[in-house]
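# A structural walkthrough
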Amino acid sequence: MQTVVYHSDDIQAWEQRWFAAQNSSLGLMQQAAWSIAQQLIELFKEQAIKNIAVWCGQGNNAGDGYFIAAYLKQAGWNVEIFASEVGASADLHQAVQFAKDQLVQIHQGFELAKHFDCYIDALFGIGLNRELNADWQQVIQQFNIQTGLKIAIDLPSGLNTNTGQTLPCAIRADHTFTVLGLKAGLFTGQGKEYVGEFHLIDLIPIDQELKPLAYLTSTNIKLPKRMAFGHKGSYGHVLVVGGHEQMGGAVIMAAEAAFHAGAGKVTVVCHQNHHQAILARSPNIMLRDINALNEKSIKDILFQVDAVCFGMGLGRDDWAKQIYRQWFNLLNQSEHLEIVLDADALWFLAKQPQKLNAHIYLTPHPGEAATLLECSTTQIENDRISAIYALQQKYAGQWVLKGAGSLILEDTLYICTQGNAGMGTGGMGDVLAGMIASLKAQFDKAIALHEIVTLHAQAGDQLAKQGMRGLQAYQMNEAITQVVN
């Protein structure tokens, strides 16, 4: 079953429908706080937590915090609340009174006179969609410098619920207990840096009006076993096209990734300067000189292959422009090929925008996406979900917006929860392009784009087991072979 992610507006509307059906808002707040408190009690037992500071803001998220503090106090923990002025909500005032009735000490402001073992963030909930003022930024920075276990209620305060961007700073939590439904900001953008381990507090039944924003990619991907009578022609022929005179590495990495992901045959079309190096490294790769091909010979090659990845190391000079024009229309008009456009092919597409067919896969990083949409990288990162929809609207095709929490837009939007910061190194995109071409050549519609992105991320996680710093894209090959098996 796929894990669903929602937009905060839809979660709030769902909650209001629940209240309109005569369900108690105070009861839901108490239920959420009780459920979180029970999980915290088990966590605190494991980590020998004794003294707890709960930081409360002015809204319903603060109400959760007051109730959690009271329930933890009832269970025998030493709990103190640090709070701003209480807002106007009747539910919040009842939460404050309940905490007082349990003899929880409440401090006005966020000046701490002693150290606590755990700090609980109940400052802001999912409704925060504006930049925090200087005073609130200071509160969050003060929270972050404390040493001890850090817990966020619903969402780390200062993190945009839907984009995962900071506003402009956010609580760095070890655990986040998110209420009712999962939010996109927990998984994409900067969210992974701040959320820690997430826990879903599932409280009310889903109604028919609640629509998914996205799905998390499955982490359990199993490819079909190979047939005993298969041969190299059974497993797809991948064509890698690129490799400017001065840039040969990218096509090598894409081609090797294609082989390690299981392709039966791989041909590289590149500048002949790189042929000797490619054969010395991978003698199983077949080669063609990119400068020796005319339209007829290109068509002949395309007829013989199943998938193409185009653009790696192509360059952006006049020679590259001529090669792009020579190949692009033939690729876009093809009805049988699975095609990956990456790197410099994306740059030329941005200069000459065209609608693409449905079996073209495009894999920009945020900088490339900004070029394609004629905006800044900051604008892309500030709302990655809007950006990937804008890319598909402008160009059609299927898209991967790479980065922390990569987004994949096929007919449906997916968020990849795997991968790691060690993969932020040159050549990882070339490896991904080779894997997409390889697995599409082998399985066509039987494997989804989001599943291939996940396999790439899992290979990166396998490679990072000994540490993230210093990983190299060319080292991915053995990890790829592991995950596809």
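Being a predicted model, the structure only gives us computed values, none of them experimental. (Residues numbered from 1 in each chain as written. Predicted model: local features only at pLDDT ≥ 70, side-chain atom pairs only at ≥ 80, totals over all residues. Heavy atoms only, no water.)

Two numbers describe how helix H10 (residues 318-333) lies on helix H11 (residues 344-351): the axes approach to 11 Å, and their chain directions differ by 85°. Considering their axes alone, H10 and H11 lie roughly perpendicular with respect to each other. Contact with H10, carried on its side by Ala320, Lys321, Tyr324 and Phe328, involves Ala345, Phe348 and Leu349 of H11 and no other residues of that element. Within the contact of H10 with H11, the residues separate by chemical class into six nonpolar, no polar and one charged. (Axes fitted to C-alpha atoms, helices over the stretch in contact; angles between N-to-C directions. Helix = DSSP H or I, 4+ residues; strand = E, 2+ residues; numbered from the N terminus. Parallel < 35°, antiparallel > 145°, perpendicular 65-115°, else oblique. Contact = heavy atoms within 4.5 Å. Nonpolar A, V, L, I, M, F, W, Y, C, P; charged D, E, K, R; others polar.)

Our focus in this paragraph is the side chain of Glu80. Mapping Glu80 onto the fold places it in strand E3 (residues 78-83). Only 2.6 Å separates the side chain of Glu80 from the side chain of His107, close enough to count as a polar contact. A polar atom in the side chain of Glu80 sits 2.8 Å from the side chain of Lys114. (Polar contact = N/O pair within 3.5 Å; in protein donor to acceptor, adjacent residues only side chain to side chain.)

Time to look at the pattern of salt bridges. As a working rule, side chains carrying opposite charge can pair if their charged atoms are close by. Applying the stated criterion across every chain, the model contains 13 salt bridges. We note a salt bridge from Asp154 to Lys183, for which the minimum N-O separation is 2.7 Å. Of this pair, Asp154 sits in the loop between strand E6 (149-153) and strand E7 (175-179) while Lys183 sits in strand E8 (residues 182-183); the two residues are 29 residues apart in sequence, bridging distant segments of the chain. Here Asp154 and Lys183 have matching classes, each one buried. When salt bridges with common partners are traced through the structure, they connect Arg17, Asp207 and Glu209 into a single cluster. (Salt bridge = Lys/Arg side-chain N within 4 Å of Asp/Glu carboxyl O. Buried < 20%, exposed > 50% of the residue type's maximum accessible area, 1.4 Å probe, protein only.)

Looking now at the sheet that holds strand E4 (residues 105-108). If you trace the seven strands from one edge of the open sheet to the other, you get E4-E3-E2-E5-E6-E7-E9, paired in parallel fashion. Pairing within the sheet leaves two strands with one partner each, and these edge strands are E4 and strand E9 (197-201). Neighbour-to-neighbour, the strand axes of the sheet open up by a mean angle of 20°, direction not taken into account. Bridging between E3 and E4 involves four bridges; their strand directions are parallel. Across the sheet, Ile81 pairs through a bridge with Ile106, a residue of E4. In this fold helix H2 (residues 25-47) packs onto strand E2 (51-56), strand E5 (118-122), E6, E7 and E9, with an angle of close to 160° to the strand it touches most, E7. (Pairing = 2+ DSSP bridges.)

Moving on to the UniProt feature "domain: YjeF N-terminal" (unreviewed entry) in the chain. Feature annotation in UniProt places "domain: YjeF N-terminal" (unreviewed entry) on residues 11-211, given in this structure's numbering. For residues 11-211, helix accounts for 38% and strand for 19%, while the C-alpha atoms at its two ends are 9 Å apart. (UniProt positions renumbered as here; feature names shortened; annotations may be inferred.)

Turning to unusual backbone geometry, a few remarks are in order. Cis geometry is found at the peptide bond from Leu167 to Pro168, where omega equals -10°. Relative to the elements of secondary structure, Pro168 occurs in the loop between E6 and E7. Positive phi outside glycine occurs at Glu374, with the angle close to 55°. Examined against the element boundaries, Glu374 turns out to sit in the loop between helix H12 (366-373) and helix H13 (377-382).

So, on to H2. An α-helical turn contains 3.6 residues, so a residue and the one three or four places further along point in the same direction. Its 23 residues place the ends of H2 33 Å apart at the C-alpha level, agreeing with the 33 Å of an ideal helix rising 1.5 Å per residue. Taken as a whole, H2 has its buried residues at Leu26, Leu28, Met29, Ala32, Ala33, Ile36, Ala37, Leu40, Ile41, Leu43 and Phe44. Looking one or two residues beyond H2, the residue adopting positive phi is Ala48, at roughly 55°. (Expected span 1.5 Å × (residues − 1).)

A separate point is the layout of surface pockets. The gaps of empty space that remain are located by a probe, the size of a water molecule, rolled over the atoms. Of the volumes computed, that of the largest pocket is approximately 760 Å³. Forming the walls of the largest pocket are 36 residues, and the residues nearest its centre are Lys402, Gly403, Ser406, Met423 and Gly424. Of all the elements in the fold, those that place two or more residues in the lining of the largest pocket are helix H6 (191-195), H12, helix H15 (428-443) and helix H16 (449-463). The element best represented in the lining of the largest pocket is H15, accounting for four residues. Among the residues making up the lining of the largest pocket, the classes are represented as 13 nonpolar, 15 polar and eight charged. (1 Å grid on protein atoms, 1.4 Å probe; cavity = no way out; pocket = protein on both sides within 12 Å on 5 of 7 lines; lining within 4 Å. Points joined across faces, edges and corners; volume = space filled by probe spheres on them.)

If you look at the biggest cluster of nonpolar residues, it comprises 59 residues, and the most contacted ones within it are Leu239, Leu302, Val308, Phe310, Trp327 and Leu341. If one sorts the elements of this core by residue count, H10 sits on top with seven residues. Discounting residues that sit within four places of it in the chain, Phe310 has contacts with Val241, Ile323, Tyr324, Trp327, Leu331, Val340, Leu341, Asp342 and Ala345. (Core = buried A, V, L, I, M, F, W, Y, C linked by side-chain atoms within 4.5 Å.)

Moving on, we get to the sheet that holds strand E18 (residues 407-409). Read from one edge to the other, the open sheet built from 12 strands follows the order E8-E1-E10-E19-E18-E17-E16-E15-E14-E11-E12-E13, with strand pairing classed as mixed. Looking at the sheet topology across the chains shown, the edges are occupied by E8 and strand E13 (286-289). Of the strands in this sheet, strand E11 (237-242), strand E14 (307-312), strand E15 (338-341), strand E16 (356-362) and strand E17 (396-401) touch H15, which is tilted by about 165° from E14.

This next bit is on the packing of aromatic side chains. Following the criterion strictly, the structure yields 21 aromatic pairs and no others. Ring plane angle 55° and centroid distance 6.1 Å describe the contact between Phe44 and Trp77, whose orientation is recorded as tilted. With Phe44 in helix H2 and Trp77 in the loop between helix H3 (60-74) and E3, the pair connects residues that are 33 residues apart, well separated along the chain. Each of the two residues, Phe44 as well as Trp77, counts as buried. Relative to Phe143, the ring of Trp55 has its centre 5.0 Å away and its plane inclined at 80°; by these criteria the two rings are edge-to-face. Residue Trp55 is located in strand E2, and its partner Phe143 is located in helix H5 (residues 134-145); the two are separated by 88 residues in the primary sequence. What makes Trp55 buried here is its relative accessible area of 0%. By way of ring pairs, the aromatic residues Trp55, Phe82, Phe110, Phe116, Tyr119, Phe124, Trp136 and Phe143 are connected into one cluster. Positioned over the ring face of Tyr235 is Arg226, at 3.6 Å from the centre of the ring. (Phe/Tyr/Trp six-rings, centres within 6.5 Å; stacked < 30°, edge-to-face > 60°. Lys NZ or Arg CZ within 6 Å of the ring centre and 35° of its normal.)

What follows concerns the UniProt feature "binding site: K(+)" (unreviewed entry) in the chain. Taking the UniProt record as the reference, the feature "binding site: K(+)" (unreviewed entry) is found at Asn61, Asp121 and Ser157. The annotated residues occupy 97 residues of the chain but converge on a single region, no pair of C-alpha atoms lying more than 9.8 Å apart. Taken from the residues named earlier, the lining of the second largest pocket is made up of Asn61. Of note, Asn61 is situated in helix H3. What makes Asn61 buried here is its relative accessible area of 5%. When sequence neighbours within four positions are dropped, the list of residues in contact with Asn61 reads Asp121, Ala122, Leu123, Phe124, Gly125, Ile153 and Asp154. Position of Ser157 among the secondary structure elements: in the loop between E6 and E7.

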